[in-house]
Amino acid sequence: MIETNRLQNLEASEQPAVITLSGVSFGYDPKQPIFQDISLTIAQGQWVSLVGANGCGKSTLVKLLNALLPKSDGEIVVCGLQLNEENIGSIRQNIGMVFQNPDNQFIGATVEEDILFGLEGLCLEPIEMGHRLQVYTDKLGIAHLLDKHPGELSGGQKQRVAIASILAMEPGIVIFDEASSMLDEGSRNELLDILQRMRAEGKYTILMITHDADEILASDRVLALYGGGLAADMTPAELFSNDDLLDKCNLRMPFSWQLARELQKVGINTDVPASEKELIEKLWP
Amino acid sequence: MAIELQQVSYIYSDRSLWKQTALHNIDLSIPQGSIVGIAGATGSGKSTLLQLFNGILKPTEGTVKVLDVTLQAGEKSPKLLALRRRVGLVFQFPEQQMFEETVEKDLCFGPLNFGMSLEEAKERARKAMVDMGLDLSLLERNPFRLSGGQMRKAAIASVLAMDPEIVVLDEPTATLDPVSRAELISLLERLCREQGRTIIIVTHRMDELLPIADRWIVLKEGQAAFQGSTQELASDPSILERCGIAIPQSLRYWRAVADRFRLEGEVPRLTPKALAEFIASLSSDISHPEIEKRDNHE
Amino acid sequence: MSSEKLLLGRTIETGSWVHKLDARGKIIGMLLYVAVILLSHSWPAMALLAVFSISVMASTRIPLKYFVKAAKPLRYLMLFIFIVQVLSIKEGEVWLTLGSLSLHQDGLRLGAFSVIRMLFLVSFTALLTFTTTPGKLNQGLEGILSPLKKIGMSPDRLTLMIGIALRFIPTILDESQIIMKAQASRGADLAELPLKEKARMLVSLLVPVISSAFRRAQDLVYSMEARGFRMDAPRTRYHRLRWGLADTVFICMFVVMGLAVAIL
């Protein structure tokens, strides 16, 4: 598992950078910065998890990328565009964001209106809008919900609508800001499926703020924020082997990792199983 | 029994503005001093069920018995204020109900409403803070200045301050980080094991509650599809799938091991540690002819 | 019944010709209808009004009982107005005398007119919300107000505001209900308390509801901006407003009706 992740990293690093931060700082009060001097590069097509304890500034950091919040210092380049007053519009077109609360990002009074909200702002022709409506509602499995009010939808359905609204605008970068944390288990698994399909398509760079061990494990690379700076830039496997870092970021290992660890403690050496079936086959062939 | 429902239905009246799931013919009993998990897909009626437990909703059919109070459909209900003190109901995202300028005042809100003196209320508030693992220095703080995890615990403490015998929580760990979630669950476990309170928790994340829960209630479309001990649930978790719930990893791994050795009536091991130790004991037995025999026999 | 449906007026889709009309036409038609009602002063005019209104309602293929239901909440108000009119107007032939009270012909007539007008006003204008989705209605309103742009006002802002209000009012009401229940669980049951206490308890409801509304507003702003929204930036429309012959006919119907009732 570690090897495959490395491999993906290697491949990804040959891709051009789509996000570059150099010396970025932010604080509502300049004397008390939330984070300072953050520099990092994300390559096209990568799936990056951004982790850290609550209040460490993850959510703030991603909001700087499309100027939802103003950076205090440093340089941000998105898709070759320097973030400044003139470029905000073009940069926002390149970045789609899915937020935590399914209700509060539902802008339209119906699913259709919500998806159209972004498309109309892009000044697309009605034919093109109709086309995208069809493509993206099919893709997210919500085509039958077009005339529904948000009140008639479950949390999971609302998050799908949010994702459809974002993807229909065809951004190259999609940011998920704890998008699964208010969902039930089933909907979270569905969201993970959607993310995996997005990766398979290859046209999206994914940046995901999350606490969920399974989501982190599915990504290519982990960035950890701690103590106002970037504490780590590693693979998920490296993160889950680093107890100190897990502690600092208030994270837990996935169940299968914990189990492998506990098995080692009682003298059974086994790799982390991919599923319960694999565990049984390995232990008792 | 702390709570007993007999043939309870709850139908929202047509005039109700709020779309919620009705309940149909529910029979259930919750023993005093136990930890009970309630699971169910979105719209299965979990929130409606919780509100029957402290008389916020009254049954439209059947009988709800909570402690020594009986609520019968169609009959005039007894005074509910006393019951509400004894059954603390913690709604989802309880930090959103905080409104006073200090944590202490917010914690005293409940006790004062139930007629306690200010002294007594403050004492209760301090005790509730300790129960939730919060530092007493936070009492003077503005609740809106606390961190997310602290706010959640303080809000739960504001219900505990009423000294309820039964504590009912609707997804208490939602949106918290994994460490805070585990911490909160173990605090809730202590409320039951050390203080004898009955703890009822609605959860979407069964994995975190499975190791400590005594019993489970699984709802499907307003009906109780399953009711029984954690062991009974672990012996056939497929009921969860039929109710639209993903089977938690701990149950999947346990079933895989238990099925491999055709174990029946075994206490489920639902934490990685317990399972690893159990596997170790099986593995050392595996060369043992008895296990082999049992394995081949059936 | 969900709160959305109640507040937004319920759209009942039947695909009739009225459903397909341009929302601008329907809004203008409704305004003209109000004028028609105000101009109806005689029994023949009332009769014509009734025949006209009922035929238009029937042509939507929405069962008439829905229109009646729309006016039902106002039944006591109508009764009250009728009684006031009957008792206060002392002109015309006396029909009945009971002690100091007397019923005059004009009183009865004007009272009946008031009730009939109100009945038709409410049930007929319900046609607008029955046949038009909130989104289209809002777009129609924007279309009608668009001349205001020339004098420097921004109807888009108004309609955006209305749209967001319609979208979030049910959510916030829903949340208020939960907070009310949560505080009741902490012993503050508004229904069971004396009035003076109630005022105090209101704070425990208002503070959480308002702070949560602000939180929602912040989230909403983020998600609108993240989707590239800028105030007064150009936008295209997926559903274009299309003025057709049917819309002109629809409007003309009301003009003709207005002239007819004015003559009668």
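Residues numbered from 1 in each chain as written. Chains lettered and ligands numbered in written order. Predicted model: local features only at pLDDT ≥ 70, side-chain atom pairs only at ≥ 80, totals over all residues. Heavy atoms only, no water.

1. Description of the overall build of chain C
Secondary structure assignment for chain C yields eleven helices and two strands. Ordered by position from N to C terminus, the α and β elements of chain C give α-α-α-α-α-α-β-β-α-α-α-α-α. The C-alpha radius of gyration computed for chain C amounts to 24 Å, which surpasses the reference 18 Å derived for 264 residues by more than 25%, pointing to a less compact arrangement than a globule. The principal-axis extent of the C-alpha atoms belonging to chain C is close to 65 × 60 × 40 Å. A total of 264 residues make up chain C; the buried ones form 40% of that total. Counted over contacts in chain C with a minimum sequence separation of 6, partners at least 24 positions apart contribute 74%. Here chain C has roughly 14000 Å² of accessible surface; of this, 70% comes from carbon and sulfur atoms. In chain C, the 31 positive side-chain charges and the 17 negative ones have mean positions that sit 5 Å from each other. (Helix = DSSP H or I, 4+ residues; strand = E, 2+ residues; numbered from the N terminus. Rg over C-alpha atoms; globule rule 2.2 N^0.38 Å. Buried < 20%, exposed > 50% of the residue type's maximum accessible area, 1.4 Å probe, protein only. Contact = heavy atoms within 4.5 Å. Areas by Shrake-Rupley, 256 points an atom, 1.4 Å probe, with all protein chains shown as cover. Lys, Arg positive; Asp, Glu negative; His and termini not counted. Charge placed at Lys NZ, Arg CZ, Asp CG, Glu CD.)

2. Some points on the overall build of chain A
When helices and strands are tallied, chain A shows twelve helices and ten strands. Radius of gyration (C-alpha) of chain A: 20 Å, near the 19 Å computed for a compact globule of 285 residues. Oriented by its inertia axes, the alpha-carbon framework of chain A measures out at about 65 × 50 × 35 Å. Buried residues in chain A amount to 58% of all 285 residues.

3. Quick look at the interface of chain B and chain A
In this assembly, 31 residues from chain B lie in contact with 33 residues from chain A. Here chain B and chain A share an interface that buries about 3000 Å² over both sides, 64% of which is from carbon and sulfur atoms. Contact with chain A buries surface across chain B, with T175, Y253 and P272 of chain B losing the most and accounting together for 21% of the total. Seen at the junction of chain B and chain A, the total is one salt bridge. Among the ionic pairs, R252 of chain B bridges to E276 of chain A, the shortest N-O distance being 3.2 Å. Between chain B and chain A we count four residue pairs in polar contact (both at pLDDT 80 or more) in total. For the side of chain B that touches chain A, the secondary-structure elements that each account for two or more residues are α6 (178–193), α10 (249–260) and α11 (272–286) of chain B. Ranked by the residues each element gives to the side of chain B that touches chain A, the list is headed by α11 of chain B, at ten residues. In the side of chain B that touches chain A, the residues fall into 17 nonpolar, seven polar and seven charged. (Buried area = accessible area lost by both parts, 1.4 Å probe. Salt bridge = Lys/Arg side-chain N within 4 Å of Asp/Glu carboxyl O. Polar contact = N/O pair within 3.5 Å; in protein donor to acceptor, adjacent residues only side chain to side chain. Nonpolar A, V, L, I, M, F, W, Y, C, P; charged D, E, K, R; others polar.)

4. A short note on the packing of aromatic side chains
Inspection of the entire model under this criterion finds 18 aromatic pairs over all chains. Grouped by ring-pair contacts, the aromatic residues W17, Y33, F52, F124, F250 and F254 of chain C constitute a single cluster. Its guanidinium or amino end placed over the ring of F261 of chain B, R260 of chain B lies 5.1 Å from that ring's centre, counting from NZ or CZ. (Phe/Tyr/Trp six-rings, centres within 6.5 Å; stacked < 30°, edge-to-face > 60°. Lys NZ or Arg CZ within 6 Å of the ring centre and 35° of its normal.)

5. Examining the sheet that holds strand β2 (residues 35–43) of chain A
Residues and elements named next belong to chain A. Taking strand neighbours across the sheet as the criterion, the four strands line up as β2-β1-β4-β5 in an open arrangement whose pairing is antiparallel. The sheet terminates laterally at β2 and β5 (81–82), the two strands that pair on one side only. Note: strand β4 (residues 73–78) against β5, two bridges, orientation antiparallel. Paired with V77 across the bridge in β5 is Q82. The strands touched by helix α2 (residues 58–65) within the sheet are β1 (17–26), β2 and β4, with β1 carrying the most contacts at an inclination of about 120 degrees. (Pairing = 2+ DSSP bridges. Axes fitted to C-alpha atoms, helices over the stretch in contact; angles between N-to-C directions.)

6. Let's talk about helix α5 (residues 148–160) of chain B
All names here are of chain B. Taking 1.5 Å per residue, 13 residues should reach 18 Å; α5 reaches 19 Å between its end C-alpha atoms and fits that length. In terms of burial, α5 is a largely internal element, eleven of the 13 residues being buried. All buried positions along α5 are accounted for by G149, M151, R152, K153, A154, A155, I156, A157, S158, V159 and L160. (Expected span 1.5 Å × (residues − 1).)

7. Description of the sheet that holds strand β7 (residues 166–170) of chain B
All names here are of chain B. The strand order β6-β7-β8-β3-β9-β10 describes an open sheet built from six strands, whose pairing is mixed. At either end of the open sheet lies a strand with only one pairing partner, and these are β6 (87–90) and β10 (223–229). Between one strand and the next, the sheet's axes are offset by a mean angle of 15 degrees, whatever the strand orientation. Pairing of strand β9 (residues 215–220) with β10 involves six bridges; the strand directions are antiparallel. Bridged to K220 within β10 is Q223. Its contacts with the sheet place helix α1 (residues 46–53) against β3 (35–40), β6, β7, β8 (198–202) and β9, and it is angled at close to 145 degrees to β3.

8. Looking at the nonpolar core
One finds M132, W216 and I279 of chain B to be the most contacted residues of the largest nonpolar core, which totals 75 residues. The residues touching M132 of chain B, leaving out its near neighbours within four places in the chain, are K153, I156, A157, L160, L184, L187, L188 and L191 of chain B. Within the second largest apolar cluster, 36 residues are counted, among which are V36, I56 and L83 of chain B together with A182 of chain C. (Core = buried A, V, L, I, M, F, W, Y, C linked by side-chain atoms within 4.5 Å.)

9. What to know about the pattern of salt bridges
This model, assessed by the stated rule, comprises 43 salt bridges over all chains. We note a salt bridge from K127 of chain B to D131 of chain B, for which the minimum N-O separation is 3.7 Å. Placement of both K127 of chain B and D131 of chain B in helix α4 (residues 118–131) is noted, with a separation of four residues, approximately one turn of the helix. With its nearest N and O atoms 3.4 Å apart, the salt bridge here joins K273 of chain B to E277 of chain B. Residue K273 of chain B and its partner E277 of chain B are located together in helix α11, separated by four residues, close to a single helical turn. Classification of K273 of chain B as partly exposed rests on a relative accessible area of 47%. Salt bridges linked by common partners bring E120 of chain A together with E142, R235 and R237 of chain C together as one network.

10. Comments concerning the interface of chain C and chain A
Opposite the 24 residues of chain C that make contact, chain A presents 39 residues. Interface area for chain C against chain A, summed over the two sides, is near 2900 Å², with a carbon-plus-sulfur share of 57%. The largest contributions to the chain C side of the interface with chain A come from R167, R227 and Y238 of chain C, which together make up 30% of the buried area. Scanning the region where chain C abuts chain A turns up six salt bridges. For the pair chain C and chain A, the interface holds twelve residue pairs in polar contact (both at pLDDT 80 or more). Class assignment of the residues belonging to the side of chain C that touches chain A gives a composition of nine nonpolar, five polar and ten charged.

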